[in-house]
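What follows is the residue order along each chain.
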Amino acid sequence: MEISFVELRQKVVVNIVDGKNLGHIIDAIFDDSYGKLMGFVVPGLKRGFFKSQNDIFIPYQNICKIGMDVILVELLPNSAPPQPAPPPQKEPSHTYAQEYSKNIQATNWEQS
C-alpha cells in the first residue's frame, strides 16, 4: 500500500486500547542511515490556551491498521511505548530520530 504523508496527516489517530482520539500526525521519524520509518508523532494534550504537553511518539510496530479515515494504534496506559532498537551503526553517532525519540516524553495516560 502506497500512501503519501499528506494523506496520512488527514487521518485521525485512535488508540485501540482506550478509544482516545490522539489527533492527527504532525511528523514522521525516519532512520537516516537506512531510510527506515521509525514511527509517527502526534501532538500532546493541550494545557491552557497555547501550551501543550510533549508530543507523543508512536513507534511503527504499534500501528495496527491504516484505514480510509483513521489510523489505529496500540498504546498501553501508564507505560511508555516500546522504542525500536536502533540499527547497528558503523560509527558511533546520534541520528536525528534517536535524539527526537529521546526528547519526546512518553504520554501520561492517567489524564482522563
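Quick caveat, the model's predicted, so the values are computed rather than measured.

A. Structural detail: the environment of F5. Mapped onto the elements, F5 comes out in helix 1 (residues 5-9). Relative accessible area serves as the criterion here: at 32%, F5 is assigned to the partly exposed category. Taking the C-alpha atoms as reference points, F5 and I26, 21 residues apart in sequence, are found 9.6 Å from one another. Each residue touching F5, except ones within four places of it in the same chain, is listed here: I25, I26, D27 and A28.

B. How the structure looks around the side chain of D31. Structurally, the position occupied by D31 is in strand 3 (residues 27-31). No salt bridge is formed by the buried D31, whose closest oppositely charged neighbour, K36, lies at an N-O distance of 7.0 Å. Among the polar contacts listed, one links the side chain of D31 to the backbone nitrogen of S33, at a separation of 2.8 Å.

C. Summary view of the confidence of the model for the chain. The predicted model of the chain has a mean per-residue pLDDT of 77, with 61% of residues at 70 or higher. Residue range residues 105-112 is modelled with pLDDT below 50. Its contacts to residues more than four positions away, or to other chains, number 19 contacts.

D. Geometry of the sheet that holds strand 5 (residues 56-59). Taken in spatial order, the three strands line up as 3-4-5 in an open sheet, and their pairing is antiparallel. The open sheet has two free edges, formed respectively by strand 3 and strand 5, since each of these has just one partner strand. For this sheet, the mean inter-axis angle between neighbouring strands, taken without regard to orientation, is 30°. Both strand 4 (residues 36-42) and strand 5 contribute to a ladder of four bridges, which runs antiparallel.

Scoring rules and cut-offs
Residues numbered from 1 in each chain as written. Predicted model: local features only at pLDDT ≥ 70, side-chain atom pairs only at ≥ 80, totals over all residues. Heavy atoms only, no water. Helix = DSSP H or I, 4+ residues; strand = E, 2+ residues; numbered from the N terminus. Buried < 20%, exposed > 50% of the residue type's maximum accessible area, 1.4 Å probe, protein only. Contact = heavy atoms within 4.5 Å. Lys, Arg positive; Asp, Glu negative; His and termini not counted. Salt bridge = Lys/Arg side-chain N within 4 Å of Asp/Glu carboxyl O. Polar contact = N/O pair within 3.5 Å; in protein donor to acceptor, adjacent residues only side chain to side chain. pLDDT = per-residue confidence, 0-100. Pairing = 2+ DSSP bridges. Axes fitted to C-alpha atoms, helices over the stretch in contact; angles between N-to-C directions.

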